[in-house]
Amino acid sequence: MTTSAHWRVVGAGITAFSVLVLVYLVVPTLVIVPLSFSSATFLSFPPPGWSLQWYEAFAGSADYRIAIFNSIKIGVPAALLATIFGTLAALALVRGSMRGRRPLSALMLAPLILPQIVLAIGLFPIMVKLGIIGSYPAILLGHTVVCLPLVFITVSASLRSYAPTYEMAAMTLGANPWNTFRFVTFPMIRVGMVVGFIFAFTFSFDELILAIFLTSPATRTVPRLLWEQLNYQMTPVIAAATVVLLLITISLLIAAAIVNRYGRGKEKAAFE
Amino acid sequence: MPPVPKSDAAASPPHRLRRRAWSPSRGNALLLLPPLLLLTAFFIVPLATVFIQSLSGDTLGLTQYREVVTNGATVSVLLYTFQVALQVTLGALILSYPVAFMVSRLRGNLLHLCLGMILIPFWTSTVIRTYAWIVILQRRGVLNEAFMDLGLIEKPLRLVSNGVGMQIAMMHIMLPFMILPLLSAMRGIDGNLLRAASVMGANPWRQFVSVYLPLSLPGISAGCVLVFITSLGFYITPALLGGQRTMVAVLIEQQASRLLNWPLASALATILLILTCALFILYERALRSTGGGRPAGETA
């Protein structure tokens, strides 16, 4: 009896430790929320009083408005391009039977694994040579490359979740490759593509290192603006901006979760 | 993934059907062309550029590497980077293992709550999370104020600009990279194996050491490699929270954009690149030799 009581204590210990770690994960972001409503001009905790001044300053700031606009102008097309290229790669490497699929798959994942600083200092001279440094195409192409693996992962997972026999059935019934894709493959991987798109956009929206090297003040993104402000001064405007960005990230994640759940249900229904 | 015939020469009927079907290998090779061109132009060529730049110098090709190896400051940055990456990896593993274990046994709403607590920080900008840690750890930050109010300390602790804060923040940012692979390994462990061990008379500790731990090993190695590699190339947090001693990514950025010493920056980047690739290849080998990391149907 005493030994079983002993193991119960161990179990409770593990749970308590885990809860503490989860708190460590969540608390840092939560600390920012009250600071963003502070009436003080410096970062003190708990805030001496409450006010919306930092949200007003954030809403009135042309710098932030332009940066958010830039981030969207870069993130949406980059995610779209990544979705197209990533889906093509997944179709070829999951369904195909050509040689060297393992190293090619590794290549498709590599931009996510290799340190971005290395890619950044490699892309910089190329963009200079192409004459597009600091302009939209430069950062757009950079972000497309680092976002591609995310789409490749999600679409590959969708393709693996069902057997290629569906496609073969369509073919034996006389469908040509395009119709097979249009009516069989695409409906099955659509959810993976949308989730991959959202992940890619979120990633581009948060990416800093390529942005430091490849954007100019005219094309700078939100993370780069935050970065410059952090290196200059630490006003609670950053906290207000952070809370707004957090809300954007969380709503995108919830959207991805809803698409995933709803889409999977529909896929099942289509084949019953 | 279904087994794919290895040789193109095999021509059994189902295989021929496959080849004529929508996914003929030739057609698929064509699909691969656009992504391959994109990656060649804006991934492979840039990495090759970094390597070629690293060889340019006043005299022989290896000038930059000699500079890296003989300059005590550079060597110390590389060693420090390794040390920090190792400490962060071990710290993250110790913190993550119990969490992944607990979450892997949850169901329903509690599971979703815990997954949310892990995924939301995971997808939150690193700049934002680093900012949060500055707010918490700085001289007049949340932690110091709280400790002083409680009378635990008399004057603020120095938590930023000396590596302590940097490692606390890095570990926080890396935790999801460790928890998620551990979680996926642990959710694949068959509970009946533990029950069997228990029936055989193994106490919980014995069950853990001889059954559970070995089965969770693929998750441990995946998480550790991921966290170690990411820590090696980490820029944002070391740049904002690190002190006098910088990590190698910060040094690369300083050399390239502030000191305009592109050859040296490229040499350091090449070293980082080769280390990362080598670690990743080693890890892939290890995974393949243990049979882990493959989709379930393939090993059977």
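Residues numbered from 1 in each chain as written. Chains lettered and ligands numbered in written order. Predicted model: local features only at pLDDT ≥ 70, side-chain atom pairs only at ≥ 80, totals over all residues. Heavy atoms only, no water.

> Just give me the short version of the overall build of chain B, but keep the residues and values in it.
For chain B, the count of helices and strands is 14 helices and 0 strands. Relative to its 300 residues, chain B shows a buried fraction of 47%. Accessible surface computed for chain B: about 14900 Å², of which carbon and sulfur atoms make up 66%. (Helix = DSSP H or I, 4+ residues; strand = E, 2+ residues; numbered from the N terminus. Buried < 20%, exposed > 50% of the residue type's maximum accessible area, 1.4 Å probe, protein only. Areas by Shrake-Rupley, 256 points an atom, 1.4 Å probe, with all protein chains shown as cover.)

> An account of the packing of aromatic side chains is requested, with residue identities and associated values reported.
Applying the stated rule across the entire model yields 19 aromatic pairs over all chains. Ring geometry for Tyr 97 of chain B against Phe 208 of chain B: centres 5.9 Å apart, planes inclined by 80 degrees, an arrangement best described as edge-to-face. On the criterion of sequence distance, the pair formed by Tyr 97 of chain B in helix 4 (residues 72–104) and Phe 208 of chain B in helix 10 (residues 204–232) is long-range, its members being 111 residues apart. In this structure Tyr 97 of chain B comes out as buried when scored by relative accessible area, which is 12%. Cation over ring: Arg 95 of chain A sits above Tyr 162 of chain A, and NZ or CZ is 5.0 Å from the ring centre. (Phe/Tyr/Trp six-rings, centres within 6.5 Å; stacked < 30°, edge-to-face > 60°. Lys NZ or Arg CZ within 6 Å of the ring centre and 35° of its normal.)

> Any chance you could break down the side chain of Thr 180 of chain A for me, citing the residues and the numbers?
Relative to the helices and strands, Thr 180 of chain A is located in helix 8 (residues 177–206). Looking at Thr 180 of chain A, its side chain comes within polar contact range of the main-chain oxygen of Asn 176 of chain A, at 2.8 Å. (Polar contact = N/O pair within 3.5 Å; in protein donor to acceptor, adjacent residues only side chain to side chain.)

> If you had to explain the interface of chain A and chain B to someone new, which residues and values would you point to?
Interface size, as often reported, equals the accessible area lost upon joining of the parts. In this complex, chain A contributes 87 residues to the contact, which on the side of chain B involves 91 residues. Carbon and sulfur atoms supply 83% of the area that chain A and chain B bury against each other, a total of about 8000 Å² over both sides. Counting across the chain A and chain B interface gives 0 salt bridges. In this structure, the connection of chain A to chain B is made through 6 residue pairs in polar contact (both at pLDDT 80 or more). Of the residues that constitute the side of chain A that touches chain B, the class distribution is 65 nonpolar, 15 polar and 7 charged. (Contact = heavy atoms within 4.5 Å. Buried area = accessible area lost by both parts, 1.4 Å probe. Salt bridge = Lys/Arg side-chain N within 4 Å of Asp/Glu carboxyl O. Nonpolar A, V, L, I, M, F, W, Y, C, P; charged D, E, K, R; others polar.)

> Describe the nonpolar core, and please don't skip the residues or the numbers.
Where a protein is soluble and globular, its nonpolar side chains tend to be buried together. By size, the foremost hydrophobic cluster in this structure holds 156 residues, and its most contacted members are Ile 121, Phe 213 and Leu 226 of chain A together with Phe 43 and Ile 252 of chain B. The element contributing the most residues to this core is helix 4 of chain B, with 13 residues. Ignoring sequence-local partners within four residues, the contact set of Leu 226 of chain A consists of Tyr 64, Ile 238, Ala 241 and Leu 245 of chain A together with Val 127 and Ile 128 of chain B. Core analysis: the second largest hydrophobic core is formed by 8 residues, Leu 150, Val 191, Val 195 and Ala 256 of chain A among them. (Core = buried A, V, L, I, M, F, W, Y, C linked by side-chain atoms within 4.5 Å.)

> Before we move on, can you summarise the packing of helix 5 (residues 116–130) of chain A against helix 6 (residues 136–160) of chain A with the specific residues and values?
Residues and elements named next belong to chain A. Helix 6 packs onto helix 5 with a crossing angle of 145 degrees between their chain directions and a minimal axis gap of 11 Å. In the crossing of helix 5 with helix 6, the sense of the turn from one axis to the other is right-handed. Each of Gln 116, Leu 119, Leu 123 and Met 127 in helix 5 lies in contact with helix 6, whose residues at this interface are Ala 138, Leu 141, Gly 142, Val 145 and Val 146. Split by residue class, the contact of helix 5 with helix 6 holds 7 nonpolar, 2 polar and no charged. (Axes fitted to C-alpha atoms, helices over the stretch in contact; angles between N-to-C directions. Left-handed = near helix turned anticlockwise from the far one by under 90°.)

> Residues and numbers for the side chain of Ser 54 of chain B, please.
Residues and elements named next belong to chain B. As for its placement among the helices and strands, Ser 54 is situated in helix 2 (residues 25–55). Among the polar contacts listed, one links the side chain of Ser 54 to the side chain of Tyr 65, at a separation of 2.7 Å. Setting aside residues up to four positions removed in sequence, Ser 54 forms contacts with Gly 61, Gln 64, Tyr 65, Pro 263, Ser 266, Ala 267 and Thr 270.

> Quick one: what's the story with the environment of Val 195 of chain A, residue by residue and with numbers?
Residue and element names in this part refer to chain A. Residue placement: Val 195 occurs in helix 8. Overall, the relative accessible area of 6% leaves Val 195 in the buried class. Ignoring sequence-local partners within four residues, the contact set of Val 195 consists of Thr 154, Ala 256, Val 259 and Asn 260.

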